[in-house]
Amino acid sequence: MKTLNIIGSGRVGRACGRMWARAGVFEIQDVLTRSRASAGEAVKFIGAGRAVGHLDEMRGADVWMIATRDDAIVPSCRTLAGSGKITPDDIVFHVSGATPSSDLQPLKESGALIASVHPIKTFTDPETAVQTFPGTFCSVEGDAEALKVLKPAFEKIGAKLFDIIPELKPVYHAGGVFSCNYLVALIEAALRAHEKAGIPRAASLEALEPMVRETVDAIFDRGPAKALTGPISRGDAATVKRQLAAVSSWDAEMGALYRGLGLVAVALAEADQRIDAQRAALLRVALSHGEA
Ligand SMILES: NC(=O)c1ccc[n+]([C@@H]2O[C@H](COP(=O)([O-])OP(=O)(O)OC[C@H]3O[C@@H](n4cnc5c(N)ncnc54)[C@H](OP(=O)(O)O)[C@@H]3O)[C@@H](O)[C@H]2O)c1
């Protein structure tokens, strides 16, 4: 069985580590985080491996996973490359969707094979992530020889893999940010609007829940265009204009958000022939009202 070292073992490192240990995919060896205490917690969660407090203490391994937060990937990679720990054909990969595997180039120069595997999943906590990981789509890119090992390793814990063009990863990852993180931000915007209209947050959450759940179901059952309702889907430009003015005068940032999302909705409704070109043009004029 190939050995695996983990650098950075928070939500993703812990969840993957436990799944690989339980499935007998990798022998989990050394686990490094910023503090020995959190490395100890990670090892406890994984149920295998040895917590270390410094890179110097790490032994050589067949495979190295870098699962730090994104902005620590390059520094960790440089430190690892300069450590003399890498031997030819070691595999080093990161799990970031926003950055390409070429961020690990210094390791390639040390003889390693480099890759990236990015799960399209929100790892809110590692315990839940382990339960819900099977079926998760993961984008992969990098050296073919590295992927020969990593693809089956991820497939054995239930991942569904697809190739991604490395240069397009920032925009690909924005898709995840829009659909996951900004969905949260969008609901927050809705709560603030309700608050402004005198509806307390708790009551608003309760009132919005059925509509939001129904909308999400409709998106995945029937597609985004069919799920779209409201003034833009009806071509109601006067309502949109009034609403934009009210929102903008309450909060300029919320006005910009309303405008930007409105333009996406107009394009969607027009493409689905819910509104004709003339209605779409009127809506775009309404949405440009008050633009700086
Ligand atoms: N969370 C998600 O939903 C998700 C989904 C897909 C992909 N990813 C990717 O997975 C990676 C990790 O994300 P995460 O959510 O698991 O992050 P996280 O929970 O914040 O964990 C980051 C881990 O990295 C450690 N760390 C930070 N800087 C380090 C350094 N210089 N050297 C060693 N360890 C260091 C932290 O140590 P301490 O424990 O000591 O703080 C922590 O264990 C990121 O590249 C992210 O883009 C995340």
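Keep in mind it's a predicted model, so treat the numbers as computed, not measured.

The next subject is the overall build of the protein chain. In terms of regular secondary structure, the protein chain is built from 13 helices and eight strands. Taken over the C-alpha atoms alone, the protein chain extends approximately 65 × 40 × 35 Å along its principal axes. Looking at the protein chain as a whole, 34% of its 292 residues qualify as buried. Taking the contacts inside the protein chain whose residues are at least 6 apart along the sequence as the reference set, 61% of them involve residues at least 24 apart.

On to the packing of helix α1 (residues 11–23) against helix α2 (residues 36–46). It is the contact of α1 with α2, at a shortest axis distance of 8 Å, that shows an interaxial angle of 35°. For the pair α1 and α2, the crossing hand works out as right-handed. Taken together, the residues of α2 that come into contact with α1 (itself represented by Gly13, Arg14, Gly17, Arg18 and Ala21) are Ala42, Phe45 and Ile46. Grouping the amino acids of the contact of α1 with α2 by side-chain chemistry returns four nonpolar, two polar and two charged.

Surveying the vicinity of the ligand reveals 27 residues, the closest of which are Gly8, Gly10, Thr33, Arg34 and Ser38. Listing elements by their share of the shell around the ligand, those giving two or more residues are α1 and β6 (113–119). Per element, the largest residue contribution to the shell around the ligand is three residues, and it comes from α1. Looking at the shell around the ligand residue by residue, the class counts come to eight nonpolar, 14 polar and five charged.

Okay, the pairing of strand β8 (residues 160–163) next. Pairing of strand β7 (residues 137–142) with β8 involves four bridges; the strand directions are parallel. Within the sheet, the bridge partner assigned to Cys138 lies in β8 and is Leu161. Taken together, β7, helix α6 (residues 144–155) and β8 constitute a β-α-β crossover, and its handedness is right-handed.

Conventions used here
- Residues numbered from 1 in each chain as written.
- Predicted model: local features only at pLDDT ≥ 70, side-chain atom pairs only at ≥ 80, totals over all residues.
- Helix = DSSP H or I, 4+ residues; strand = E, 2+ residues; numbered from the N terminus.
- Buried ≥ 20, exposed ≤ 12 C-beta atoms within 10 Å, placed from the backbone.
- Contact = placed C-beta atoms within 7 Å.
- Axes fitted to C-alpha atoms, helices over the stretch in contact; angles between N-to-C directions.
- Left-handed = near helix turned anticlockwise from the far one by under 90°.
- Nonpolar A, V, L, I, M, F, W, Y, C, P; charged D, E, K, R; others polar.
- Near = placed C-beta within 6 Å.
- Pairing = 2+ DSSP bridges.
- Right-handed = clockwise from strand over helix to strand, strands pointing away.

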